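The primary structure of each chain is shown beneath.
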Amino acid sequence: MKISENWLRQWANPSVDSETLGEQLTMAGLELDGVETVAPPFSGVVTGVVTECEQHPDADRLRVTKVDIGSGEQLQIVCGAPNVRVGLKVAVATVGAVLPSEDDKGFKIKKGKLRGVESQGMLCGASELGLEDKIDGLLELDDDAPIGVDVRDYLNLDAKIFEIAITPNRGDCLSVLGLAREIAAINQMPLDRPAIRAADAVTDTAPSVRVLDTHACPRYLAQRIDDIDRSQPTPQWMTDALVASGVRSHNFLVDVTNFVLLELGQPLHAFDADKIQGDIIVRLAHSGETVELLNEQVITLSGDELVIADDAGVLALAGIMGGARSAVSDETTSIVLESAHFDQLTIAGRARRFGLHTDASQRFERGVDFELPKLAMDRAVSLIVSVAGGKVSQLTTVEHPDALPVRHKITVPVDKVSKLLGVSIAPEQMAEMLNRLEIATTVEEDSLVCQVPSHRFDLTIYQDIVEEIARMYGYANISAALPELSVDMRYDDTADLIHLVKLSLANAGYYEAVSFSFSDAKIEALFDDESLGAVLPLANPISSELAVMRRTLMSSLLPIVSHNLNRQQSRVRLFETGLSFVGGDVEHLVQTPSLAIVATGDLTAEQSHGARPMDFYDLKRDIESLLPSTLDKTKVTYERTALTFLHPGQSAHLMIDGEDLGWFGQLHPSICKALDLPTVWAAQMDLDKLIALSRRSNAITAPSKFPSVRRDLAVLVDQDVAWQTLEKDIHKAAGKYLQDVWLFDVYVGDKLPEGKKSLAFAMVFQDQNATLEDEQIKAAVDKVIQNLADKHAAHLRD
């Protein structure tokens, strides 16, 4: 943002030079990118008056002039400007003067001849001095301009222009008011606000306004001015302020709205009142509606853009740019002036959609003080009337206070300030600093109670207030000090263990994927299971396909699978590590480091011997390969899953010592059908729990010197009894000599009673200190049989 230093000093003028003032803004978080003068360097140009002006003897378009520059001798200068005349006060580049040039080397004025007539200098137009040309010809100085003074001094061309980088959170500083407020607070001086009063209405009429979307536009002001004298040019002081701020002068009515925008930070728009048909209507656009903008660009609206319309159609793209149909021109004498507050999210992104970037959209997207519209309206109307006259109508105000932004009080514990900043500041001093920033603050017990002003959209939590205290206290006054650290020097092997997990999957033929944590809401909706929790939508998504945070990594991996299948890759094996996000809002958000696997197609490549489709047990093998080899296999169990997005008969939870590590299995066919995918095998594990298994310490025992004994046991049980349950009960009942047990046969058939199944287990017994006797083994087996009979009505199969 460019702004004139002189303009800033009209509001706050501390006794510091330009360099110090720029340093103050930078240290306050408003970085000064550069300082330049109003005009580029030049020398040898003075004010003069044309005393004679005659036709050149050999050129129709040239004039031979005599110019008085106060040196006692008049200069003869040949000039071709159409507006040269006797009595004109002009800028005169004398012989030896150096004017600006495009190569920055300067253009030196020499004595010469033009068509045979000697010329002792040059009469300058604005462009020759590096200024904006308003007219075709010479720069015309005021009639009361003194003769013989340096033009740089007379036009104040050495005045400084600050170029300040305003961060997106400080939209309140995109104005003279905002920057001057900071300067006044830093230098502990009052803010010298100009007196602004509403112009008196002289008619009883008022613009008719209807606001149909009160959330998008909670406050809208409109005022009509008739019989404006358009012969009056833009005052020079206003033009100078605009040009110094990088804004071109257009016509007086447009210049006024731009001036108020830069001065107060409130965008305004002037409509040609005679071109408005019926009421002014603030509404959302109709899908397919078109409008021609002021830049002659014709755009087609989608339906979510806020527009200003009348009975005939769209007049303007609200908060962004006006339309060509209602644009003011040099002939406009009646206008309707608009000053409104628009919701940030309603404006955000709409300008970029159409390739636009305007001063208005820049401010509304960052947040504009919702108390400014009335002040800005009064300022603009009073400026128009004071310069060009006009009949002012009654002010129309349509507002819905309940829809306006709310500025809550923020309580800041005093001890938090010193902990965050590392310095001790008296509470009264902190309150005084904040009050200078117009943050109304009182000290109540051990806390600061701060009322956030309407112009500060960026203050929401107590840390924001602490930052304001630091800015006002001065970062340079906060000494660097090392914090007290309690350092744990133990090596963190997390990255190493995760790398081993990835290597295991890579060795199994999987490829690692890296994707956004954002996902498509439509895909998340397919994983509609209560156990996953709520979905967190993004306030300002990159696109509609990345509008929510992913609850499972499947939301990221499945589009990649689809992408590969569409490119004739029939066999896809992928894995990803990353966070999954569960929670309907930020306050309740839970982020879980996760590992996800997805696979489709044959188990091996097509050219491999014995290629076949992947099945549940192939996926189970890949999951088990992630478990550390030292893990006690008796602690590993599987439970049927009830997750709605998995196939009910082809999925399970992986349980370690009774703790759920994650799920794996076949995606439900309905999801595959919705995404046009073949059979997909998927898994997701809690990554922290998975790598924690490798950190478990295991007791080391020497192998037994004595032989082991195996006994097989086949029992009949009801078909709804899980074999894992029987396995657990066998471990509990068999006693200390049981070393291992596993299921080796399952039989269901017509040779068994209805509703029954046969489960066969192998049991291995061994003693560390002696050879087991048959009686000991028989007693253990009998105890197992009795326990299974009591708990599950199991009996030995014949």
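If you're wondering where the values come from, they're calculated on a predicted model, not measured in any experiment. (Residues numbered from 1 in each chain as written. Predicted model: local features only at pLDDT ≥ 70, side-chain atom pairs only at ≥ 80, totals over all residues. Heavy atoms only, no water.)

Draft legend 1. Region of the structure containing the UniProt feature "domain: TRNA-binding" (unreviewed entry) in the protein. Those residues carrying the UniProt feature "domain: TRNA-binding" (unreviewed entry) are residues 39-152 in this numbering. Helix makes up 2% of residues 39-152 and strand 40%, with an end-to-end C-alpha separation of 8 Å. (UniProt positions renumbered as here; feature names shortened; annotations may be inferred. Helix = DSSP H or I, 4+ residues; strand = E, 2+ residues; numbered from the N terminus.)

Draft legend 2. Local environment of the packing of helix α20 (residues 723-734) against helix α21 (residues 774-792). Here α20 crosses α21 at 135°, and the two axes come no closer than 9 Å. Between α20 and α21, the interaxial angle falls into the category oblique. Classified by chirality, the crossing of α21 by α20 is right-handed. Contacts between α20 and α21 pair T725, L726, D729, I730, A733 and A734 from the former with A780, K783, V784, N787, L788, K791 and H792 from the latter. Per-class residue counts for the contact of α20 with α21 are seven nonpolar, three polar and three charged. (Axes fitted to C-alpha atoms, helices over the stretch in contact; angles between N-to-C directions. Parallel < 35°, antiparallel > 145°, perpendicular 65-115°, else oblique. Left-handed = near helix turned anticlockwise from the far one by under 90°. Contact = heavy atoms within 4.5 Å. Nonpolar A, V, L, I, M, F, W, Y, C, P; charged D, E, K, R; others polar.)

Draft legend 3. How the structure looks around the pairing of strand β11 (residues 160-165). Two elements, strand β1 (residues 2-4) and β11, share three bridges in a ladder whose sense is antiparallel. Following the sheet pairing, S4 is matched in β11 by I161. (Pairing = 2+ DSSP bridges.)

Draft legend 4. Spatial organisation of helix α5 (residues 236-244). Those residues of α5 lying buried are M238, T239, A241, L242 and A244. For α5, the elements touching its buried residues are β1, α1 (5-11), β11, α6 (252-264) and α10 (372-388). Backbone geometry just after α5 places G246 at a positive phi near 80°. (Buried < 20%, exposed > 50% of the residue type's maximum accessible area, 1.4 Å probe, protein only.)

Draft legend 5. Region of the structure containing the layout of surface pockets. The space that makes up the largest pocket amounts to roughly 1300 Å³. Lining the largest pocket are 46 residues, and of these K134, P235, Q236, T239 and D240 sit closest to its centre. Residue contributions to the lining of the largest pocket peak at seven residues, all from α5. Taken together, the residues that form the lining of the largest pocket break down as 22 nonpolar, twelve polar and twelve charged. Space inside the second largest pocket adds up to approximately 1000 Å³. Residue lining of the second largest pocket: 39 residues in total, with V254, N258, L294, T358 and D359 positioned closest to the centre. Listed by contribution, the elements that provide at least two residues to the lining of the second largest pocket are α6, β14 (268-272), β19 (313-317), β20 (321-322), β21 (335-341) and α9 (359-366). (1 Å grid on protein atoms, 1.4 Å probe; cavity = no way out; pocket = protein on both sides within 12 Å on 5 of 7 lines; lining within 4 Å. Points joined across faces, edges and corners; volume = space filled by probe spheres on them.)

Draft legend 6. Structural view of helix α13 (residues 462-473). Taking 1.5 Å per residue as the helical rise, α13 with its twelve residues ought to reach 16 Å, and the 17 Å between its terminal C-alpha atoms agrees with that figure. Considered for burial, the residues of α13 that qualify are D464, I465, V466, E468, I469, A470, R471 and M472. Tucked into the core, α13 has its buried residues touching α4 (176-186), β24 (409-413), α11 (414-421), α12 (427-436) and β26 (447-451). Phi turns positive, to about 100°, at G474, one or two residues after α13. (Expected span 1.5 Å × (residues − 1).)

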